[in-house]
Amino acid sequence: MPHYIFEARVLKTRPGPIAGIDEAGRGPLAGPVVAAAVILDRKRIPKRIDDSKQMQPEAREEAYTRILACALAVGTGEASVDEIDLVNIRQATHLAMARAVRALALQPAFALVDGNDAPALPCPCDTLIDGDARSVSIAAASIVAKVTRDRMMRALHEAFPGYGWFTNKGYSTVEHLSALTRLGPCVHHRRSFAPVHNILYGGRREDSILTL
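Cut-off values and rules
Residues numbered from 1 in each chain as written. Predicted model: local features only at pLDDT ≥ 70, side-chain atom pairs only at ≥ 80, totals over all residues. Heavy atoms only, no water. Helix = DSSP H or I, 4+ residues; strand = E, 2+ residues; numbered from the N terminus. Buried < 20%, exposed > 50% of the residue type's maximum accessible area, 1.4 Å probe, protein only. Lys, Arg positive; Asp, Glu negative; His and termini not counted. Salt bridge = Lys/Arg side-chain N within 4 Å of Asp/Glu carboxyl O. Contact = heavy atoms within 4.5 Å. Phe/Tyr/Trp six-rings, centres within 6.5 Å; stacked < 30°, edge-to-face > 60°. Lys NZ or Arg CZ within 6 Å of the ring centre and 35° of its normal. pLDDT = per-residue confidence, 0-100. Axes fitted to C-alpha atoms, helices over the stretch in contact; angles between N-to-C directions. Parallel < 35°, antiparallel > 145°, perpendicular 65-115°, else oblique. Left-handed = near helix turned anticlockwise from the far one by under 90°. Nonpolar A, V, L, I, M, F, W, Y, C, P; charged D, E, K, R; others polar. Patch = residues over 30% accessible without salt bridge, like charges linked within 9 Å, V, L, I, M, F, W, Y side chains within 5 Å. Areas by Shrake-Rupley, 256 points an atom, 1.4 Å probe, with all protein chains shown as cover. Charge placed at Lys NZ, Arg CZ, Asp CG, Glu CD. Pairing = 2+ DSSP bridges. Core = buried A, V, L, I, M, F, W, Y, C linked by side-chain atoms within 4.5 Å.

Enquirer: Give me the side chain of Arg66: which residues, what numbers.
Expert: Along the polypeptide, Arg66 turns up in helix H2 (residues 57-70). Here Arg66 is buried and forms no salt bridge, its nearest opposite-charge partner Glu62 lying at an N-O distance of 4.4 Å. When neighbours within four sequence positions are excluded, Arg66 is seen to be in contact with Pro46, Lys47 and Arg48.

In structure tokens:
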């Protein structure tokens, strides 16, 4: 389970507060990429916080509520489909992370970011591979980002029900790919991603993402 060891190590050499940062929606064919930044209260760390990928939807929703109740600050940020297609998914993810930090009511002195690709943030940061499974702050951010984006995709499903976003959340499932072929892309599809690009412009690409 994730713990507070990495945050505690940072606090030995730097003043707080420390934010954990993670994203959701980097891989889907549709919808925005969403990032979250969470500053936890060391004395009130919510129970049953885990990597969001390891949790069932109901457990994530419950954890989301506990995080909002206990955290010192929670911020979310997103990058739109247009931004993803304009600057590529990596840069769009970094934009969403910076926006999440700026949305915090309490600005952090330092941030721990999931992965190995440090974004340009309003504060110093360090990366942590598999951070959502190791740092409780990053795990909390992963839950907030995932729940926030899932809710967005369920709302988009109401306007575009044919793609099955209520269940697949825009990922390239058999159901989604079949609907994409049958219905064609809509305004919420990422045109820089190969399955969407190929339908719109023809040709065949083996890579799932055109921009790196």
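Enquirer: Pulling in residues and values, what's your account of the packing of aromatic side chains?
Expert: Applying the stated criterion across every chain yields a total of two aromatic pairs. On the numbers, 6.1 Å between centres and 45 degrees between planes, the contact of Phe160 with Trp165 is tilted. A relative accessible area of 25% means that Phe160 is categorised as partly exposed. Taking the centre distance of 5.1 Å and the plane angle of 15 degrees together, the rings of Tyr163 and Trp165 count as stacked. We classify Trp165 as buried; its relative accessible area is 0%. An aromatic cluster is present here, built from Phe160, Tyr163 and Trp165 joined pairwise through their rings. Between Arg9 and the ring centre of Phe6, over which it is positioned, the NZ or CZ distance is 5.4 Å. The ring of Tyr64 carries Arg151 above its face, with NZ or CZ at 4.6 Å from the centroid.

Enquirer: Summarise the confidence of the model for the protein; cite the residues concerned and give the values.
Expert: Fine structural detail should not be taken from predicted coordinates in areas where pLDDT scores are low. Here the protein averages 94 in pLDDT, and 95% of its residues register 70 or above. A low-confidence stretch, residues 207-212 (pLDDT under 50), is modelled with 19 contacts involving residues beyond four sequence positions or located in other chains.

Enquirer: Requested: an account of the packing of H2 against helix H5 (residues 136-159), with residues and values cited.
Expert: Between H2 and H5, the least distance of the axes is 9 Å, while the angle of their chain directions is 120 degrees. Between H2 and H5, the interaxial angle falls into the category oblique. The crossing of H2 and H5 is left-handed. Residues Arg60, Glu61, Ala63, Tyr64, Ile67 and Leu68 of H2 touch H5, and the partners they reach there are Ala140, Ile143, Val144, Lys146, Val147, Thr148, Asp150, Arg151 and Arg154. Classifying every residue of the contact of H2 with H5 by side-chain character gives eight nonpolar, one polar and six charged.

Enquirer: Summarise unusual backbone geometry; cite the residues concerned and give the values.
Expert: Pro17 follows Gly16 through a cis peptide bond whose omega is 0 degrees. When you line up the elements, Pro17 lands in the loop between helix H1 (5-13) and strand S1 (18-24). Its identity as a non-glycine residue notwithstanding, Arg48 has a phi of 55 degrees, on the positive side. Relative to the helices and strands, Arg48 resides in the loop between strand S2 (33-39) and H2. Phi at Asp130 is positive, roughly 55 degrees, even though this residue is not glycine.

Enquirer: Quick one: what's the story with a positive patch on the surface, residue by residue and with numbers?
Expert: The grouping of Arg9, Lys12, Arg42 and Arg134 at the surface amounts to a positive patch. Looking at the element boundaries, Arg134 is found in the loop between strand S5 (125-128) and H5.

Enquirer: Hey, could you go over the sheet that holds strand S3 (residues 73-79) for me, with residue numbers and the actual values?
Expert: The sheet built from five strands is open, its strands ordered S3-S2-S1-S4-S5 with mixed pairing. Strands at the two margins of the open sheet, each flanked by one partner only, are S3 and S5. Averaged over all pairs of adjacent strands, the angle between their axes in this sheet comes to 20 degrees, without regard to strand direction. Where S2 lies against S3, seven bridges are found, and the strand directions are antiparallel. When the bridges of S3 are listed, Ala37 appears paired with Gly75. Against the sheet, helix H4 (residues 89-102) contacts S1, S2, S3 and strand S4 (110-114), and its axis sits at roughly 150 degrees relative to S3.

Enquirer: Could you give me a rundown of the nonpolar core, with the residues and numbers involved?
Expert: Ile21, Val33, Leu104, Leu121 and Trp165 are the most contacted members of the largest nonpolar core, which has 32 residues in total. Elements with a minimum of two residues in this core: S1, S2, S3, H4, S4, H5 and helix H7 (174-183). In terms of residues, this core owes the most to one element, H4, which gives seven residues. Those residues in contact with Leu104 that lie beyond four places of it in its chain are Ala19, Ala37, Ile39, Ala73, Val74 and Gly75. Tyr64, Ala71, Ile143 and Val147 belong to the second largest nonpolar core, which has 20 residues in total.

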